[in-house]
Every structure is written in C-alpha cells, then in structure tokens.
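A structural walkthrough
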Amino acid sequence: TFPTLASDFYAFESQLAEHEQRELVRLRTFLETEVKPVVNDYWDRAEFPRQILPGLHAQQVFGNLWEETKAGDFSAVYSGWTALELARVDASVATYVGVQNGLAMGSIGVAGSPEQRAEWLPKLKTGEVIGAFGLTEPLSGSDSAQGLRTTATRDGDHWVLNGAKRWIGNATWSDITIIWAKSTEDGQVKGFIVPTSTPGYTATKIERKQALRIVQNADIVLEDVRVPESHRLQNANSFRDTAAVLRLTRAEVAWAAVGTAIGAYEAAVDYATRREQFGKPIASHQLVQDLLSRSLGNITASIALCTRVSQMLDQGVQRDEHASLAKAFATTAMRETVALCREALGGNGIVLDYDVARFHADAEALYSYEGTREMNSLIVGRAITGVGAFV
Ligand code: FAD
C-alpha cells in the first residue's frame with residue numbers, strides 16, 4: 001500500500017494503477033525535499049530555482065500523452081495527479097510544467113507533423129529545450145480566437161512574423177516559443193515554432209507581479225521574424241486547433257487548482273493544531289473546524305470532478321466544455337478555499353513564511369489564466385444553450 005494524502009479524503013488516488021501510485025510517491029518525495037524548502041525565498045525574489053530542473057525532468061511528469069515520449073502506460077488521471085502534487089508544493093512550479101509539458105509539448109503533440117514531433121518532443125521532455133506558448137497579446141486576451149493582431153506573411157519558403165505577445169510563461173529563458181499568428185493569406189490562426197535566437201525576437205520580463213512570482217512571464221516583440229515553412233505547425237489550420245491544445249491544458253489547470261487549495265489547506269490544518277488561543281489549540285474551536293471542513297469539501301468535490309474529466313480524456317470523449325467546466329469550477333472552489341485557509345491563520349496568513357500567503361496570492365493567477373472563469377463559463381453556456389454569447 002502507498003501513503004495517500006490525508007487531504008484526499010475519499011482516497012481517489014488509490015484508484016490509480018500501482019505503478020502510477022509509485023511514481024506519484026516518488027514525485028511527492030522529490031517535491032517535499034528539493035522544492036518545498038526553497039520556494040518561499042524564490043517567490044520573494046521573483047526568481048526561478050533552476051537547480052530543481054534536472055530532478056524535476058527525471059520524474060514521470062513530462063510527455064505521458066505522446067507516443068514519442070511516453071514511457072509506459074500512464075493515464076490522463078495520473079497526469080492530473082502530477083499537476084495536483086506539483087501545485088500542492090508550489091503553483092509556480094506547476095505552472096512551469098503546465099507551460100513546458102502542456103502548452104509547448106501539447107502544441108507540437110496536437111498540431112505538429114510526425115517530423116516536428118520527433119524532433120522536438122523528446123528534447124522538451126528532458127528539458128534540453130525549454131518551451132513557451134505565445135497566444136495572448138497586449139490588446140487581445142479573452143478574445144484571442146478572433147482578436148489576434150500578430151501577423152504571419154508568406155515569403156517563398158519562409159514566414160515573416162510581426163506583432164507582440166504578453167504574459168508568456170517561461171519566455172524570458174525559453175529556447176523555442178510557439179507563436180500563434182493570423183495568416184495574411186487566409187486570415188486563419190497558425191502556429192509557429194520560433195527559436196528565440198531568431199533576429200527580430202525579443203522577450204522582456206514582466207516585473208512586479210504579485211502572484212506566481214517564481215514563474216517568469218514575458219512581453220514579446222516580433223519584428224520581421226523569419227521562420228522556415230518547416231517550423232509552421234503542419235496541422236494547425238485554424239483557432240480550432242489552438243483550442244484543442246487549450247482543452248488539454250485547462251483540465252490540467254483544474255487539477256493544479258486543487259493542488260493549490262490542498263497546499264493552503266494542509267498548512268492551515270498544521271497551524272490550527274499548533275496555535276493556541278483561549279487556552280487551547282484553535283483547531284478545537286468550532287468555527288475553525290468549520291473553515292477546515294468547508295475547505296475539505298471544496299477539495300473533495302474538485303478531485304471528483306477532475307478525476308472524471310480526465311477519465312473522459314482517457315476514453316476519448318472529453319469535449320471543450322467538459323474541460324472548461326472543470327477549470328471554472330475547480331478554480332472558483334480553490335479561490336474560496338485559499339481564502340478560508342488564510343482566515344484560519346489570522347495575521348500569520350499574510351506572512352510568506354507560513355506558506356498560505358503564497359498559495360492565496362498564486363490562486364488569483366490560476367483563476368484568470370488559460371481562460372478566465374467568465375470565458376470558460378461561456379464555453380459551457382454555449383454547450384448548454386447552443387448559443388455562443390462571446391461577442
Ligand atoms: P481580458 O481578456 O482583458 O479580460 C478582463 C476581464 O473581462 C475578465 O474578467 C474577463 O473574463 C472579462 N471578459 C472579457 N470578455 C468577456 C466576455 N465576452 N464576457 C464576459 N466577460 C468578459 N497567455 C499565453 O498565451 N501564454 C502564457 O504562457 C500565459 N501565461 C500566463 C501567466 C499568467 C500568470 C497570467 C496572469 C496570464 C497568462 N497568460 C498567458 C494570459 C492569460 O491567458 C490571459 O491573462 C487570460 O486569457 C485573460 O486575458 P486578459 O488578461 O487579457 O484579460
């Protein structure tokens with residue numbers, strides 16, 4: 001038997017295959033020994049602890065979905081659990097993996113040709129190549145399906161990219177960035193694998209961020225960036241293909257939201273048993289128990305939802321609206337949970353050293369990225385009513 005988390009109240013993890021549980025315990029041990037001790041300092045300094053990368057990439061976390069990189073039979077539910085375990089220790093480190101494994105490898109896995117997949121997926125899996133995903137722009141966030149201003153113009157056997165991107169995770173130090181741009185030929189959104197050393201490409205770190213401070217987000221400027229046709233994602237023909245990548249990653253963000261809530265919850269339980277007021281541990285006061293009980297309810301309901309949405313991916317029946325509902329629900333439940341847990345710590349809930357302040361701040365970014373709650377609700381609303389209400 002494997003040690004399950006006390007915060008996994010209904011023991012969902014025990015439903016995983018034995019080899020999957022073994023890998024999760026290995027990941028959890030790595031995160032608790034190598035990552036947890038350093039994250040608050042790096043968060044404070046807004047720097048990424050790059051020394052953890054070799055150990056992180058040695059875990060069974062990257063490339064489980066793709067033939068070129070999978071090392072055995074790992075389910076989508078298992079992949080979800082890895083996102084949960086990562087975020088339970090730090091949501092920024094989970095976001096690094098979400099970008100590398102989900103958005104960058106996902107773009108190439110979903111929309112790359114066999115040659116592109118063979119060339120890039122193994123290097124991204126090991127971390128030899130760091131990837132980023134550039135969709136959002138300074139003037140286009142929620143409306144990126146129709147509002148992209150970055151252009152791709154065909155010039156012989158090359159494409160010339162011009163425009164700007166904002167918020168791009170890992171992009172201050174990525175080797176390649178997937179750039180989504182509108183073709184001036186057919187007006188459709190296409191994806192390009194852009195080596196960041198290409199002339200005309202610049203990335204500048206977004207400073208003074210108050211959430212996910214460990215993740216490095218960048219503003220990107222593209223000025224006559226020339227990439228060969230062989231770097232165009234061969235199966236990305238419209239925004240529909242971009243959306244196929246986002247469907248995969250939104251479900252993973254839902255799992256990461258549960259992990260973020262669990263991180264705050266476990267810190268709150270620990271604190272409540274040690275902190276004394278009115279002559280006894282605050283954990284023995286009824287209203288504090290209520291904070292913890294409501295938190296565990298949110299966490300348990302979210303794990304159930306996430307488990308099912310990943311099973312649907314394994315069964316090949318997951319649709320955009322399924323992932324969107326999971327993302328919208330789990331991030332909303334997370335947002336309430338981290339606030340309840342912060343409350344349980346009183347004043348210490350806003351001090352970094354007690355961890356909850358970091359989870360509380362980071363939750364705000366998870367709530368808004370990969371489609372805000374409103375946008376994911378509109379995707380679900382379209383499925384319910386048959387009417388798109390975006391514009
Ligand atoms: P806006 O689109 O300006 O929205 C502002 C508000 O208006 C929101 O509440 C939104 O829900 C609401 N709104 C907009 N339109 C409607 C409507 N039709 N109906 C109802 N409400 C509406 N992007 C990438 O491409 N790559 C990345 O790696 C990446 N990483 C990120 C990391 C972080 C930490 C953050 C904060 C963002 C990241 N993003 C990334 C961008 C992210 O996906 C966008 O922030 C998100 O899509 C929202 O866009 P926006 O911030 O421009 O907000």
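Residues numbered from 1 in each chain as written. Predicted model: local features only at pLDDT ≥ 70, side-chain atom pairs only at ≥ 80, totals over all residues.

Each helix and strand in the protein was counted, giving 11 helices and nine strands. Taking 2.2 N^0.38 as the reference for a compact globule, 391 residues should give roughly 21 Å; the C-alpha atoms of the protein span a radius of gyration of 21 Å, in line with that estimate. Once the C-alpha set of the protein is aligned to its principal axes, its extents read approximately 80 × 45 × 40 Å. Relative to its 391 residues, the protein shows a buried fraction of 49%. (Helix = DSSP H or I, 4+ residues; strand = E, 2+ residues; numbered from the N terminus. Rg over C-alpha atoms; globule rule 2.2 N^0.38 Å. Buried ≥ 20, exposed ≤ 12 C-beta atoms within 10 Å, placed from the backbone.)

Right, let's get into the nonpolar core. The biggest cluster of nonpolar side chains holds 110 residues, and the ones touching the most others in it are Ala256, Val258, Ala261, Ala268, Ala326, Ala330 and Leu366. Ignoring anything within four residues of it in the chain, the contact list for Ala256 reads Ala83, Leu84, Leu86, Ala87, Ala91, Ala94, Gly98 and Leu366. (Core = buried A, V, L, I, M, F, W, Y, C linked by C-beta atoms within 7 Å. Contact = placed C-beta atoms within 7 Å.)

Now for the site of the ligand. Lining the immediate environment of the ligand, one finds 21 residues, of which Gly141, Ser142, Gly169, Thr372 and Glu374 sit closest. Put simply, the parts of the chain that give the shell around the ligand at least two residues each are strand S1 (131-134), strand S3 (158-169), helix H10 (356-368) and helix H11 (373-385). Tallying contributions element by element places S3 first for the shell around the ligand, with three residues. Here the residues of the shell around the ligand are counted per class, giving 10 nonpolar, nine polar and two charged. (Near = placed C-beta within 6 Å. Nonpolar A, V, L, I, M, F, W, Y, C, P; charged D, E, K, R; others polar.)

Right, let's get into the UniProt feature "domain: Acyl-CoA dehydrogenase/oxidase C-terminal" (unreviewed entry) in the protein. Here, UniProt's "domain: Acyl-CoA dehydrogenase/oxidase C-terminal" (unreviewed entry) annotation points to residues 244-384. Segment residues 244-384 splits into 78% helix and 3% strand. End C-alpha atoms: 20 Å apart. (UniProt positions renumbered as here; feature names shortened; annotations may be inferred.)

What follows is about unusual backbone geometry. Of note, the phi angle at Leu212 is positive, near 45°, even though the residue is not glycine. Tracing the chain through its elements places Leu212 in the loop between strand S6 (201-205) and strand S7 (217-228). The class of Leu212 is buried, set by 26 C-beta atoms lying within 10 Å. Even without being glycine, Asp355 reaches a positive phi, approximately 70°. Take Asp355: it is sitting in the loop between helix H9 (320-344) and H10.

What follows deals with the packing of helix H7 (residues 239-274) against helix H8 (residues 286-314). When two helices pack together, their arrangement is given by the angle between the helix axes and the distance between those axes. The geometry of H7 relative to H8 is characterised by a closest axis approach of 9 Å and an angle of 155° between their N-to-C directions. By the angle between their axes, H7 is roughly antiparallel relative to H8. Regarding H7 and H8, the two cross each other, and that crossing is left-handed. Where H7 approaches H8, its residues Ala251, Ala254, Trp255, Ala257, Val258, Ala261, Ile262, Tyr265, Ala268, Val269 and Ala272 are matched on the opposing element by Val288, Leu292, Ser295, Leu296, Asn298, Ile299, Ser302, Ile303, Cys306, Val309, Ser310 and Leu313. (Axes fitted to C-alpha atoms, helices over the stretch in contact; angles between N-to-C directions. Parallel < 35°, antiparallel > 145°, perpendicular 65-115°, else oblique. Left-handed = near helix turned anticlockwise from the far one by under 90°.)

Most of strand S4 (residues 176-183) is tucked away: seven of the eight residues are buried. Two elements, S1 and S4, share four bridges in a ladder whose sense is parallel. Looking across to S4, one finds that Gly131 is bridged to Ile176. Where S4 and strand S5 (residues 189-195) come together, seven bridges link them in antiparallel fashion. (Pairing = 2+ DSSP bridges.)

Right, let's talk about H9 for a bit. Look at H9: 36 Å from first C-alpha to last across 25 residues, which is about the 36 Å you get at 1.5 Å a residue. Just past H9, the residue Gly346 takes up positive phi, approximately 55°. (Expected span 1.5 Å × (residues − 1).)

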